[in-house]
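Structural features, examined
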Amino acid sequence: MTTTETPSNLERLAALDPVFAQMVGATARYVRSIPELTDREKTFLCVTADVCQASLGVAFTAHVRTGLAAGVSTADIRELLRFVSYDCGYHAAAAGIERIAELEAELGLARPDAEPLAPELVSTGPDAAPSPLPDPVRARLTELDPHFTGYFDLQSRMRAGHGPGTLGERERGLVSLSVDVHYQTLADTFRTHVGRALRGGASPEDVRAALRFNAQFGVTRAWHAWEALNAILG
């Protein structure tokens, strides 16, 4: 009896274009060798790039499969997609949620359970939990528009919790600054997210490693981000 092995990610690409598969393989080997980032963080950065750039086909599938092989669960990826919805937009994150559900079905994986958010985290009325936003940030947002501040308060409450299955602060910072790289929002929000990564235990070299890893998702975007990052880190 013969068995059919599932083709690798590169084999799938080679069937489409063998030269392009060579380019992807060489690039992946180079950036995957970056030592400062964990395999889990590399998976998160890949999936974040996929969602931000609406690349939910071959690349997303490859990144999820690589993550699964490294011990990252679809529950972890769902938590990541919930988290990045704040910055990339719910429409983009919803497409990622739809795709991860399809992959779970294709791979025969059970859909993970998730605890619902507490009522005070999704409320915008008097029963709402306090905003986790720092007072100086809220003051700046209120200068722009009070309703926008309320929106930020809601989003921050919904993704502020820490516990089983959630992203660590270092991971949140690295993911958030990566969203800035993809969208080229390299002023105040980039500075804030770099600060979050540093407060979460990342070193300046770890932050630089995240930017090195992100070069594969657009070298010109990374170039501009390097200029901004060097100005922040000195």
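Residues numbered from 1 in each chain as written. Predicted model: local features only at pLDDT ≥ 70, side-chain atom pairs only at ≥ 80, totals over all residues. Heavy atoms only, no water.

**Notes on the overall build of the protein chain**
- Along the protein chain, the regular secondary structure elements total 13 helices and zero strands.
- Counting helices and strands in the order they occur from the N terminus, the protein chain gives α-α-α-α-α-α-α-α-α-α-α-α-α.
- Taken against the 2.2 N^0.38 rule, which gives 17 Å for 234 residues, the C-alpha radius of gyration of the protein chain at 19 Å falls within 12% of a compact globule.
- Over its C-alpha atoms, taken along the principal directions, the protein chain stretches across nearly 65 × 45 × 25 Å.
- The buried share of the protein chain, reckoned over its 234 residues, is 40%.
- For the protein chain, the proportion of contacts with a sequence separation of at least 24, taken over those separated by at least 6, is 67%.
- Of the accessible surface of the protein chain, which amounts to about 12600 Å², a share of 59% is contributed by carbon and sulfur atoms.
- Of the side chains in the protein chain, 22 bear a positive and 29 a negative charge, and the two mean positions are spaced by 3 Å. (Helix = DSSP H or I, 4+ residues; strand = E, 2+ residues; numbered from the N terminus. Rg over C-alpha atoms; globule rule 2.2 N^0.38 Å. Buried < 20%, exposed > 50% of the residue type's maximum accessible area, 1.4 Å probe, protein only. Contact = heavy atoms within 4.5 Å. Areas by Shrake-Rupley, 256 points an atom, 1.4 Å probe, with all protein chains shown as cover. Lys, Arg positive; Asp, Glu negative; His and termini not counted. Charge placed at Lys NZ, Arg CZ, Asp CG, Glu CD.)

**Re a nonpolar patch on the surface**
- There is a patch of nonpolar side chains on the surface, built from Y90, L144, F148 and Y151 and spanning about 420 Å² of accessible area.
- Relative to the elements of secondary structure, Y151 occurs in helix α9 (residues 146–158). (Patch = residues over 30% accessible without salt bridge, like charges linked within 9 Å, V, L, I, M, F, W, Y side chains within 5 Å. Salt bridge = Lys/Arg side-chain N within 4 Å of Asp/Glu carboxyl O.)

**A closer look at the packing of helix α5 (residues 74–88) against helix α10 (residues 169–183)**
- The geometry of α5 relative to α10 is characterised by a closest axis approach of 10 Å and an angle of 45° between their N-to-C directions. Judged by the inter-axis angle, α5 sits oblique to α10. Every pair of crossing elements has a handedness; the one defined by α5 and α10 is right-handed. Along the contact surface, α5 presents L80, F83, V84, D87 and C88, while α10 presents R172, V175, S176, V179 and Y183.
- Residues of the contact of α5 with α10, tallied by class, amount to seven nonpolar, one polar and two charged. (Axes fitted to C-alpha atoms, helices over the stretch in contact; angles between N-to-C directions. Parallel < 35°, antiparallel > 145°, perpendicular 65-115°, else oblique. Left-handed = near helix turned anticlockwise from the far one by under 90°. Nonpolar A, V, L, I, M, F, W, Y, C, P; charged D, E, K, R; others polar.)

**Observations regarding the packing of helix α12 (residues 204–214) against helix α13 (residues 219–233)**
- Following both chains from N to C, one finds α12 and α13 inclined at 170°, their axes separated by 10 Å at the closest point. One way to sum up the angle between α12 and α13 is to call them roughly antiparallel. From α12, P204, V207, R208, L211 and R212 reach across to α13, where they touch A222, A225, W226, L229, N230 and L233.
- Considering only residue class, the contact of α12 with α13 consists of eight nonpolar, one polar and two charged.

**A word on the packing of aromatic side chains**
- In the structure shown here, the tally under the stated rule is three aromatic pairs.
- The interplanar angle of 75° and the centroid separation of 5.5 Å between the aromatic rings of Y86 and F152 together place this pair among those described as edge-to-face. With Y86 in helix α5 and F152 in helix α9, this residue pair connects regions lying 66 residues apart in the sequence.
- Arranged with centres 5.0 Å apart and planes meeting at 80°, the rings of F148 and F152 form a pair that is edge-to-face. A residue pair is termed a helical-turn pair when its members lie 3 or 4 positions apart in one helix, as F148 and F152 do in helix α9 at four residues.
- Among the aromatic residues, those joined into a ring-pair cluster are Y86, F148 and F152.
- Positioned above the aromatic ring of F83 is the side chain of R159, whose terminal nitrogen or guanidinium carbon lies 4.1 Å from the ring centre. (Phe/Tyr/Trp six-rings, centres within 6.5 Å; stacked < 30°, edge-to-face > 60°. Lys NZ or Arg CZ within 6 Å of the ring centre and 35° of its normal.)

**Observations regarding the pattern of salt bridges**
- Taken as a whole, this structure holds 14 salt bridges when the rule is applied.
- Salt-bridge contacts for R40 lead to D76; the nearest nitrogen and oxygen are separated by 3.4 Å. Linking R40 in helix α3 (residues 39–52) with D76 in helix α5, this pair joins segments that are 36 residues apart in sequence.
- Across the pair R99 and E106 runs a salt bridge, and its minimum N-O distance is 3.3 Å.
- Its relative accessible area of 14% is what places R99 among the buried residues.
- Residue classification places E106 among the exposed positions, given a relative accessible area of 54%.
- Within this structure, R40, D76 and E171 form a network of salt bridges that share partners.

**Looking at the confidence of the model for the protein chain**
- Confidence in the prediction for the protein chain averages 92 pLDDT; 95% of positions are at 70 or higher.
- Within the protein chain, helix α1 (residues 9–16) has the poorest average pLDDT of any element, 86, and α12 the best, 98. (pLDDT = per-residue confidence, 0-100.)

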